[in-house]
Amino acid sequence: MSALQSIDLIRLTNDIKAWGRALGFQQVGISDVDLSQHETYLTQWLENDYHGDMEYMAAHGMKRARPAELVPGTLRVISVRMDYLPPDASFARHLKNNRIGYISRYALGRDYHKLVRNRLKKLGQKITDTLAHTAYRPFVDSAPVLEHAIAEKAGIGWTGKHSLTLSRDAGSWFFLGELFVNLPLPIDEPVEEGCGSCTACLTMCPTNAIVAPYTVDARKCISYLTIENSGPIPEALRPLMGNRIYGCDDCQLVCPWNRYASVTEESDFAPREVLHGQRLETLFLWDEETFLKNTEGSAIRRIGHERWLRNIAVAMGNADPDTSILAALEKRSGQVSPLVQTHIDWALARQRKNTSAKEAARQQQRLIRVVEKGLPRDA
Ligand code: SF4
Ligand code: SF4
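So, how was this worked out
- Residues numbered from 1 in each chain as written.
- Chains lettered and ligands numbered in written order.
- Predicted model: local features only at pLDDT ≥ 70, side-chain atom pairs only at ≥ 80, totals over all residues.
- Heavy atoms only, no water.
- Helix = DSSP H or I, 4+ residues; strand = E, 2+ residues; numbered from the N terminus.
- Rg over C-alpha atoms; globule rule 2.2 N^0.38 Å.
- Buried < 20%, exposed > 50% of the residue type's maximum accessible area, 1.4 Å probe, protein only.
- Contact = heavy atoms within 4.5 Å.
- Areas by Shrake-Rupley, 256 points an atom, 1.4 Å probe, with all protein chains shown as cover.
- Salt bridge = Lys/Arg side-chain N within 4 Å of Asp/Glu carboxyl O.
- Near = heavy atom within 4 Å.
- Nonpolar A, V, L, I, M, F, W, Y, C, P; charged D, E, K, R; others polar.
- Pairing = 2+ DSSP bridges.
- Axes fitted to C-alpha atoms, helices over the stretch in contact; angles between N-to-C directions.
- Domains from an automatic or database assignment.
- Buried area = accessible area lost by both parts, 1.4 Å probe.
- Core = buried A, V, L, I, M, F, W, Y, C linked by side-chain atoms within 4.5 Å.

**Some words on the overall build of the chain**
- Within the chain, the regular secondary structure consists of 17 helices and 10 strands.
- Here the chain has a C-alpha radius of gyration of 22 Å; the compact-globule value for 379 residues is 21 Å, and the two agree.
- Seen through its principal axes, the chain has C-alpha atoms that stretch 80 × 45 × 40 Å.
- A total of 379 residues make up the chain; the buried ones form 57% of that total.
- Contacts spanning at least 24 positions in sequence make up 78% of the contacts within the chain whose residues lie at least 6 apart.
- Summed over all atoms, the accessible surface of the chain reaches about 16,300 Å², with 50% contributed by carbon and sulfur.

What follows is the structure, given as structure tokens:
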């Protein structure tokens with residue numbers, strides 16, 4: 001009898017879930033590797049060019065929807081959830097004041113990639129300790145993996161109309177990770193979809209990037225524009241970005257299910273003071289060395305100093321007229337790359353003409369009202 005035949009897979013699955021929780025994952029689910037129902041959607045999304053310049057999205061072809069092609073021998077994917085919402089999220093406070101740089105809440109602390117991957121490795125090792133020769137491979141936010149489709153199949157949540165995984169008990173403020181394994185573990189059932197007739201994320205997205213339920217055109221999404229995009233930010237979209245300098249949380253902020261989200265238990269995700277609630281000109285005047293020092297171990301470091309300046313310049317062009325902001329823009333002007341300079345020129349013109357982001361102001365006010373009503377923990 002082989003080791004696999006003699007092991008109680010149901011018991012092993014229960015153990016895996018208990019080990020996962022002990023390692024700091026709030027939820028652990030198991031899915032098979034048949035994601036064929038997502039292939040048509042993925043093909044369509046890529047054909048529409050909704051991935052923008054994210055060529056890596058297309059690079060792996062349908063391997064993304066076929067875990068067993070990506071890692072031969074894979075039979076199951078263990079999907080894990082780790083909550084990241086910090087206790088002091090200060091959503092409304094930082095969105096209300098357009099002279100403060102707003103950073104997506106997942107990026108305020110330590111880079112989650114390494115932390116989640118290390119915990120997944122520990123989980124894989126625990127399984128191997130129990131059942132020798134188990135092959136495992138962890139993925140965290142990796143391009144070739146359809147993490148939301150997997151999470152859905154594994155019963156972590158359903159895919160919301162904003163295209164993120166959403167849970168009745170935990171909202172959507174969480175990271176996902178996957179552990180590919182070569183074991184025929186019993187699988188979990190998907191949960192019932194819970195968006196119903198709600199369309200809050202579609203109507204509140206500042207750039208109308210959610211072009212249809214479940215479909216985000218990355219080229220319009222502020223997360224893509226401020227993080228993935230290496231070129232100029234389209235001028236028509238700049239006024240709509242308000243003070244969001246790294247990512248955007250709006251579609252999650254307005255989601256009613258996030259009333260049930262829990263605050264993270266990970267001290268590594270606590271916001272760094274140098275990034276949280278800082279004035280735009282303070283962040284803008286960091287030289288490259290300071291940027292690298294202050295973002296060491298943070299996901300923000302990946303975008304580099306040039307994109308950092310580009311993004312902040314846009315927010316400065318959207319800020320209410322302010323002499324310190326104007327002075328900081330003037331100070332940097334002429335000493336930056338051509339990419340940053342075009343954004344500084346745009347921002348300077350708006351600051352000098354007193355053109356703050358009136359285009360975005362009404363939408364922002366609506367957002368703040370929703371946030372203040374819906375998220376009691378918000379400071
Ligand atoms: S992250 Fe922001 S810009 Fe992107 S889809 Fe959500 S609300 Fe829209
Ligand atoms: S805001 Fe509404 S439609 Fe959008 S994900 Fe949340 S529940 Fe679904």
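So much for the structure itself; the text now carries on.
**Focus on the pattern of salt bridges**
- Scanning the entire structure with this criterion turns up 14 salt bridges.
- Taking the shortest distance from any N to any O, the salt bridge between Arg244 and Asp250 comes out at 2.8 Å. Taken as a pair, Arg244 and Asp250 share a single burial class, namely buried.
- With its nearest N and O atoms 3.2 Å apart, the salt bridge here joins Asp322 to Arg279. Here Arg279 lies in the loop between helix 11 (250-253) and helix 12 (280-284) and Asp322 lies in the loop between helix 14 (304-318) and helix 15 (323-332), a separation of 43 residues in the sequence.
- Among the charged side chains, a salt-bridge network with shared partners connects Arg99, Arg279, Glu281 and Asp322.

**Some words on the site of ligand 1**
- Inspection of the region around ligand 1 gives Cys205, Pro206, Thr207, Ile210, Cys221, Ile222, Ser223, Cys248, Asp250 and Cys251 as its neighbouring residues.
- Grouping the constituent residues of the shell around ligand 1 by class yields seven nonpolar, two polar and one charged.

**Some thoughts on the sheet that holds strand 1 (residues 27-31)**
- Taken in spatial order, the four strands line up as 1-2-7-4 in an open sheet, and their pairing is antiparallel. Two strands bound the open sheet, and with one partner strand each, they are strand 1 and strand 4 (136-139). Adjacent strand axes in the sheet meet at a mean angle of 20 degrees, parallel and antiparallel pairs treated alike.
- Bridge count for strand 1 against strand 2 (residues 76-83) is five bridges, and the pairing is antiparallel. By the bridge assignment, Ser31 is partnered in strand 2 with Val77.
- Across the sheet, helix 2 (residues 9-22) lies against strand 1 and strand 2, angled at about 145 degrees from strand 1, the strand it touches most.

**Some thoughts on the domain arrangement of the chain**
- With domains assigned, the chain is organised as domain 1 (3-181) and domain 2 (200-261 + 271-374).
- Between the C-alpha centres of domain 1 and domain 2 the distance comes to 27 Å.
- Each partner contributes residues to the interface: domain 1 has 51 residues there, and domain 2 has 57 residues.
- Looking only at domain 1, the three residues that lose the most surface to domain 2 are Leu95, Arg99 and Lys161, adding up to 17% of its buried area.
- If you look at where domain 1 meets domain 2, you find two salt bridges.

**Side note on the environment of Ile103**
- By the element assignment, Ile103 lies in strand 3 (residues 102-103).
- Take Ile103: its relative accessible area is 0%, and that puts it in the buried class.
- For the pair formed by Ile103 and Leu283, sequence separation is 180 residues and the distance between their alpha carbons is 11 Å.
- When near neighbours in sequence (up to four residues on either side) are disregarded, Ile103 contacts Leu108, Ile245, Tyr246, Asp249, Leu275, Ile300 and Trp308.

**As for the nonpolar core**
- The biggest cluster of nonpolar side chains holds 70 residues, and the ones touching the most others in it are Ile78 and Leu185.
- Looking at this core element by element, the count peaks at six residues for helix 7 (residues 112-130).
- Two domains share this core, each providing at least three of its residues, namely domain 1 (3-181) and domain 2 (200-261 + 271-374).
- In terms of nonpolar packing, the next biggest core, distinct from the first, is built from 36 residues, Tyr246, Leu275, Ile300 and Val336 among them.

**Considerations on the site of ligand 2**
- Looking at ligand 2, the residues that line it are Gly160, Lys161, His162, Leu166, Cys195, Cys198, Ala200, Cys201, Cys255, Pro256 and Trp257.
- In terms of residue class, the shell around ligand 2 is built from eight nonpolar, two polar and one charged.

**Re the environment of Leu367**
- Along the chain, Leu367 falls in helix 17 (residues 358-374).
- The class for Leu367 is buried, based on a relative accessible area of 1%.
- Put simply, Leu367 and Met204 are 163 residues apart on the chain and 7.1 Å apart in space, counted from C-alpha to C-alpha.
- With sequence-adjacent residues up to four places away left out, Leu367 is seen in contact with Leu95, Met204, Arg244, Asp250, Leu253 and Val254.

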